[in-house]
Amino acid sequence: MVACRVCGEDIRPFMSFGQMPIANGFLKPDEFEGEYFFELAPAFCDSCKMFQIIEQPEAQAMFHENYAFFSSTSKFMQAHFKEFADQITEAFLHDQASPFVVELGSNDGIMLRNFAAGGTHHLGVEPSANVAEVARQNGVDTISTFFGEAAAKEIADQHGKASAILAANVMCHIPNIHDVARGVRALLADNGVFVFEDPYLGDMIEKTSYDQIYDEHVFIFSALSVSDAFARQGLELIDVQPQTTHGGSMRYTLAPRGSRTVSPAVTALFEKERSLGLHRPGTYDGFRENCEASRDQLMTLLNRLRDDGKRVVGYGATSKSTTTINYCGISPDHVEFISDTTPIKQGKSTPGAHIPVKPHDAFSQSPPDYALLFAWNHQREIMANELEYTDAGGKWITYVPKVEIFP
Ligand code: TYD
Ligand code: ZN
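Read on for a plain summary of the structure.

Conventions we followed
Residues numbered from 1 in each chain as written. Chains lettered and ligands numbered in written order. Predicted model: local features only at pLDDT ≥ 70, side-chain atom pairs only at ≥ 80, totals over all residues. Heavy atoms only, no water. Pairing = 2+ DSSP bridges. Helix = DSSP H or I, 4+ residues; strand = E, 2+ residues; numbered from the N terminus. Donors = N, O, S within 2.8 Å, 3.2 Å for Na, K, Ca; no water. Tetrahedral: all angles 85-135°; square planar, octahedral: opposite > 155°, others 65-115°. 1 Å grid on protein atoms, 1.4 Å probe; cavity = no way out; pocket = protein on both sides within 12 Å on 5 of 7 lines; lining within 4 Å. Points joined across faces, edges and corners; volume = space filled by probe spheres on them. Nonpolar A, V, L, I, M, F, W, Y, C, P; charged D, E, K, R; others polar. Contact = heavy atoms within 4.5 Å. Phe/Tyr/Trp six-rings, centres within 6.5 Å; stacked < 30°, edge-to-face > 60°. Buried < 20%, exposed > 50% of the residue type's maximum accessible area, 1.4 Å probe, protein only. Lys NZ or Arg CZ within 6 Å of the ring centre and 35° of its normal.

Some details on the sheet that holds strand β5 (residues 42–44)
Stage number 1. Spatial strand order, β5-β6-β12: three strands in an open sheet with antiparallel pairing. Here the strands that pair on one side only, and so sit at the sheet edges, are β5 and β12 (219–220).
Stage number 2. Of the pairings in the sheet, the one linking strand β6 (residues 51–53) to β12 comprises two bridges and is antiparallel in character. Counterpart to F51 in the pairing with β12 is I220.

In structure tokens, the structure reads:
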């Protein structure tokens, strides 16, 4: 039993994925010994409705000067963040004389560069120093630190209050949600907005996309849990917008309580979440059973292909795949290597199972019988790029929302 990270009530995990390594901890063979593992176990708090993992490695073990995640590798994501930036400008900034936009976990500047290009006063806050440096080289003002109340006060002193604070795939990483919320409250102007998006619990439950659960994702949010958590610091959920990114995300808009009208979309989503059972512990027992069934089906397939001597190669060394690979027991016997376009991952091995990661050339020069789509959230973009492989008879395997071979 542990205390809920949001409300402090006693909670207990409803399942365990077993011992897991750092999801983005790609490593060289001389680092295999001493690899860090922790128990990945999710819990649901019946009191405040927050879905969370009960143990998370130290932040410094995940976000450091060798962090392997660069947002700008996908064209689709670049377009997504341009749309995000445009929407913020149109809805909240256009009538302001000198708006100031802050982004938490701004990565390589994929979103803020849209503000930088228009000459808007902006600041990125990015703890991983290597990624922050790339952002600065892209002309995006960035400081390298962890965001919380202390950092927020310093930023407000130096730059003034923020018209908008943005975050994408970041809020769900930060265990001390109250410290961040207090920071947002301290930095945000009275008429400001806090807009963030993260993988959405409703999609994860509906699609059994359990691979959203890994060390970095300490929370998987719903409108019910976000509303409760931020209300504790005087922030009100005023709008919600579903997104297709990361296999199904939600964009939440919050504002100081009472400062703006609440959109009917918020109440509608609360209703929908209740009808999905996201507020009931029993739903998560069903989810556990779905995870086990998904694992069994995937391993039955991969064992059969291995026994038949088929070549299977992974596509996309995603953070998510660390959970899939290690929970299911996928080994280099099943998957020869994983193709990935991120230079810092290439030539290394995946966390835990130690499957080699190779550049895309290795895939195109020696196409396998089956490509296992670890980057299933980019399926559309990848299918468009891999027509040659597919037209030549190459098969794909996915496991979200269900295990299947296509075409
Ligand atoms: P991402 O979607 O960010 O997922 P996660 O948050 O789980 O890491 O990661 C996508 C990974 O897939 C990234 O390492 C880049 C790689 N990738 C390719 O190798 N080829 C592609 O065409 C695409 C779209 C991604
Ligand atoms: Zn709670």
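Digging into the sheet that holds strand β7 (residues 100–104)
Stage number 1. The sheet built from seven strands is open, its strands ordered β9-β8-β7-β10-β11-β14-β13 with mixed pairing. Pairing within the sheet leaves two strands with one partner each, and these edge strands are β9 (142–143) and β13 (235–243).
Stage number 2. Across six bridges, the pairing between strand β10 (residues 162–168) and strand β11 (residues 188–199) is parallel. Across the sheet, residue I165 finds its bridge partner in β11, namely F194.

Focus: the coordination of the zinc ion (ligand 2)
Stage number 1. Protein coordination at the zinc ion (ligand 2) comes from C4 (SG), C7 (SG), C45 (SG) and C48 (SG), with a distance range of 2.2 to 2.3 Å.
Stage number 2. Considering all four donor atoms around the zinc ion (ligand 2), angles at the metal cover 100 to 117 degrees and the coordination shape is tetrahedral.
Stage number 3. For the zinc ion (ligand 2), the donor residues sit on a single chain with the sequence spacing C-x2-C-x37-C-x2-C. Placement of C7 in the loop between β1 (2–3) and β2 (10–11) and of C48 in the loop between β5 and β6 is noted, with a sequence separation of 41 residues between them.

Concerning the layout of surface pockets
Think of a ball as big as a water molecule: rolled over the atoms, this probe shows where empty space is left.
Stage number 1. In this structure, the second largest pocket occupies an estimated 380 Å³ of space.
Stage number 2. Looking at the second largest pocket, it is lined by 19 residues, and the ones nearest its centre are G25, F26, L27, E31 and H64.
Stage number 3. When its residues are assigned to classes, the lining of the second largest pocket shows 10 nonpolar, five polar and four charged.

Overview of the environment of P356
Stage number 1. Along the chain, P356 turns up in the loop between β16 (338–339) and β17 (357–358).
Stage number 2. Spatially, the C-alpha atom of P356 lies 9.9 Å from that of P29, the residues being 327 residues apart in sequence.
Stage number 3. With sequence-adjacent residues up to four places away left out, P356 is seen in contact with E336, F337, I338, K348 and S349.

A short note on the packing of aromatic side chains
Stage number 1. A complete count under the given rule lists 20 aromatic pairs for this structure.
Stage number 2. Pairing F14 with F287 gives two aromatic rings, centres 6.3 Å apart and planes at 70 degrees, and the pair type is edge-to-face. Of the two residues, F14 sits in the loop between β2 and β3 (19–21) while F287 sits in helix α10 (residues 281–307), which places them 273 residues apart along the sequence.
Stage number 3. Relative accessible area serves as the criterion here: at 11%, F14 is assigned to the buried category.
Stage number 4. Under the relative-accessibility criterion, F287 is labelled buried at 1%.
Stage number 5. Grouped by ring-pair contacts, the aromatic residues F194, F196, F219, F221, F230 and Y252 constitute a single cluster.
Stage number 6. Sitting over the ring of W376, K320 keeps its end group 5.8 Å from the ring centre.
Stage number 7. A cation over an aromatic ring shows up here: K358 above the ring of F337, its NZ or CZ 5.0 Å from the ring centre.

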